[in-house]
Structures are given as structure tokens and as C-alpha cells.
Amino acid sequence: GNLMPKNQTQLETQLETYLDKIRKLDPRQRLLHWIRQREQVRIAKSLGEEKPWTDDPILQSYRFCNVQRIQDKVSQWLLLNWYQPNFNHANMVIAAVLARHFNQPSTLRAIGFPNFRMSRGNWDGYVVDSQDKIRVLKEHNHTVFNGAYIIRASGDYPNKVDMVLEETVQQFVYDPPDLNTDSMEMCVEELMHYRNIGSFMAGQICADLRWGLKGKWADKNKWAAMGPGSARGMNRLHGRDVKCPLKQEQFLEELQELIRFLKKALPSSIMNRLEAIDVQNVLCETDKFNRVLFGEGRPKQKYDGAA
């Protein structure tokens, strides 16, 4: 016989009925559903309201980034402790590359913002000191790297910490970039000249620098670097296979068209805060949402958002 309590059976039926309605939505309407529900979660949580902050069982169960990237927990920590107190610092690019490779406030708090006069000798001292401090963190079982971005060690640097400090970040010390802070696109292009910095990571670093360096950043509302998740999200939106190859140029055209759609479909209280990087991020997050919705997989991080 069925050992499941009747009320549990009813609950699961209700949840499946709810999800079935979401599955039947047009892809754009499904994206709007995610944006509205994720923003509802953020607001309700910030007001101290009791769970659940949404009726959506997927958003209750898995961790998703915020609609506006800068509202995310790590981004907020970086804004308040890394970027605003050191705004327009001469070492800001080095600091942003460090920040997004470790992406872990406890690690960054331990090693500290590189606010010294930059020279090879001073940098070498900072590296040794940072390696020592990170060794202590590891001994106390602290997580050194946030898993949000995939950072892989290389053959020359089998230790990931050494690779980040001595290979990836160090090149920005020895050969500083000449960034055009009037343009997100030109900033990303310059960052991509450096080893281990692909278009996605360059886009993430540039999105941080927009809060840490003076500049017009004139294209911030219409340009963003495509990432693997946002490419899948864009393909879903257009009814294509998620693995369909997508070039940056086509992605950008479709992103700008999507921004125009969102401006009409969303209230100004949401849309006025969003930049192109945020919409790119939404595409990545809704790809994760759709994977769960259609039984294609699960996000890495669970979330206790139920009552």
C-alpha cells in the first residue's frame, strides 16, 4: 500500500501542478516568472519576513544569484570592504583579479587589500604573506575558494593558490593593463590579453571594476560578455538547443533586444537597477532554473527556503 501520508501526497500533487504551469509558459514568460519570484525572495528576506518567501518550490530548494548581481552576498562584501573603501586605488585591477579568483570573503579578509605602493619586491612580500595566511586557513578547515567560478590549477602550478598569486595575478603587477574605463567592452578586451583570463572571467572582473574605478562605463546598459551559462540561457529563450554555438556578436544583438523587452515587461523598480551584466546573469540563473524544471540536472548548492 501507499505509506505516504495523504497530506504529503496532496502537497506533491499541488507542487507538480504548479511546476507544470511554469513548464507550459513561453520561455520569455518563464524568465519573467523567475525574475519576479527571485526579487520577491530578496525583498521578503531583507524585511525579515518568515519563510517561505516564494511559492516556487525550485526557488525554495536551490540557491540562485540575485537579479541584480551587486546584491549577491560576495558582491556586497566586495563592494563594502574592497571597492568602496579603496575607490580608484592604483592597485584596483590587481585587487579585482584577486577578488574574483578567490571569490571568498574570509580568504580576502585574511590576505587584505593590496593597498601598498606596488613594486616587485612589495608584491613578492605580499604573495609570501598571503600564502602563509591561506595555509593557516586551510589548517583550520576554512574554504579558500568559493565554488561559484571554476578555477583550475595548471601543470606548472599544481597548487591552485600559487597559480592564482604567482601566475594569474602577478602578470597584472609586472605588466599593468591600460584600461579604458569609459567602455565595458574595451575593458574586457584588454583584460583578455592576459593568461588564464577568458571572456567570462574578464567580464566578471570588469563588472567589479565598474564599482571600483572612475569611468563613464558608457556601455554598461547595453554590453556584457557572454558566459557559458548565459549562452545556454539565451539559446533556451530562442528555442534553440542549449549547446547551439553562439558568437558574442549574436549574443549581444539578442541581449539588447531582451533588454528592450524587459523594460516594457518589468516595473521600473526592478529594471532601473539592472545593467547589461545583470541581464546576462539572469540568463545564466534561468538556465539553472530550467534544468531543474525539466529534469535535466540540479544546481550545485541547495537552499533552505521552505517554511
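Coordinates for the structure precede this section.
This is a predicted model, so every value here is computed, not measured.

Rules used in this analysis
- Residues numbered from 1 in each chain as written.
- Predicted model: local features only at pLDDT ≥ 70, side-chain atom pairs only at ≥ 80, totals over all residues.
- Heavy atoms only, no water.
- Helix = DSSP H or I, 4+ residues; strand = E, 2+ residues; numbered from the N terminus.
- Rg over C-alpha atoms; globule rule 2.2 N^0.38 Å.
- Contact = heavy atoms within 4.5 Å.
- Areas by Shrake-Rupley, 256 points an atom, 1.4 Å probe, with all protein chains shown as cover.
- 1 Å grid on protein atoms, 1.4 Å probe; cavity = no way out; pocket = protein on both sides within 12 Å on 5 of 7 lines; lining within 4 Å.
- Points joined across faces, edges and corners; volume = space filled by probe spheres on them.
- Nonpolar A, V, L, I, M, F, W, Y, C, P; charged D, E, K, R; others polar.
- Expected span 1.5 Å × (residues − 1).
- Buried < 20%, exposed > 50% of the residue type's maximum accessible area, 1.4 Å probe, protein only.
- Arc of directions from axis to C-beta.
- Core = buried A, V, L, I, M, F, W, Y, C linked by side-chain atoms within 4.5 Å.
- Phe/Tyr/Trp six-rings, centres within 6.5 Å; stacked < 30°, edge-to-face > 60°.

### A short note on the overall build of the chain
When helices and strands are counted, the chain shows 14 helices and 0 strands. When the helices and strands of the chain are placed in sequence order, the string is α-α-α-α-α-α-α-α-α-α-α-α-α-α. Here the C-alpha radius of gyration of the chain, 21 Å, is about what a compact globule of 307 residues would show, namely 19 Å. Principal axes of the C-alpha set define a box for the chain whose edges measure 70 × 45 × 40 Å. For the chain, restricting intrachain contacts to residue pairs at least 6 apart in sequence, the fraction spanning at least 24 positions comes to 67%. Carbon and sulfur atoms make up 49% of the accessible area of the chain, which totals about 15800 Å².

### Section: empty space enclosed by the protein
Over the atoms rolls a probe the size of a water molecule, and its path tells where empty space is left. Summed over all chains, the structure comprises 2 cavities of 30 Å³ or more. Of the pockets and cavities examined, the largest cavity occupies roughly 80 Å³. Elements represented by at least two residues in the lining of the largest cavity include exactly α2 (27–46), α11 (228–237) and α14 (276–293). By residue number, the principal contributor to the lining of the largest cavity is α14, which donates 4 residues. When its residues are assigned to classes, the lining of the largest cavity shows 4 nonpolar, 3 polar and 3 charged. By volume, the second largest cavity amounts to about 40 Å³. As for the second largest cavity, its lining consists of Met184, Val188, Gly203, Cys206, Trp223, Ala224, Ala225 and Ile277. Those elements giving two or more residues to the lining of the second largest cavity turn out to be α9 (184–191) and α10 (199–212). Across the lining of the second largest cavity, the residue classes tally to 7 nonpolar, 1 polar and no charged.

### Some points on helix α7 (residues 120–139)
Under the 1.5 Å per step criterion, the end-to-end length of α7 is 29 Å for 20 residues, consistent within 8% with the ideal 28 Å. Within α7, the full set of buried residues consists of Trp123, Tyr126, Val127, Ser130, Gln131, Ile134 and Leu137. Buried residues of α7, seen end-on, are gathered within an arc of 140° and therefore sit on one face of the element. The exposed residues of α7 that point more than 90 degrees off its buried face are Gly121 and Glu139. Elements in contact with the buried residues of α7: α5 (92–102), α6 (105–111) and α8 (160–174).

### A word on the nonpolar core
Within soluble globular proteins, side chains that are nonpolar generally end up buried alongside one another. Core analysis: the largest hydrophobic core is formed by 83 residues, its most contacted members being Ile35, Trp82, Phe102, Leu191, Leu209, Leu255 and Leu262. Broken down by element, the residue count for this core peaks at 9 residues, all from α5. Each residue touching Ile35, except ones within four places of it in the same chain, is listed here: Val67, Leu262, Leu266, Ile270 and Val282.

### Looking at the layout of surface pockets
Considering only enclosed or pocket space, the second largest pocket measures out at about 180 Å³ in volume. In this structure, the second largest pocket is lined by 14 residues; those nearest its centre are Ala90, Asn91, Val93, Pro176 and Pro177. Those elements giving two or more residues to the lining of the second largest pocket turn out to be α5 and α8. Examining the composition of the lining of the second largest pocket, we find that 3 residues originate from one element, α5, more than from any other.

### Side note on the packing of aromatic side chains
In this structure the tally under the stated criterion is 8 aromatic pairs. Each ring, one from Trp82 and one from Phe113, has its centre 5.2 Å from the other, and the planes form 70°; the classification is edge-to-face. With Trp82 in helix α4 (residues 73–83) and Phe113 in the loop between α6 and α7, the pair connects residues that are 31 residues apart, well separated along the chain. An identical accessibility class is assigned to Trp82 and Phe113; each is buried. In this structure an aromatic cluster arises from ring pairing among Trp34, Phe64 and Phe289.

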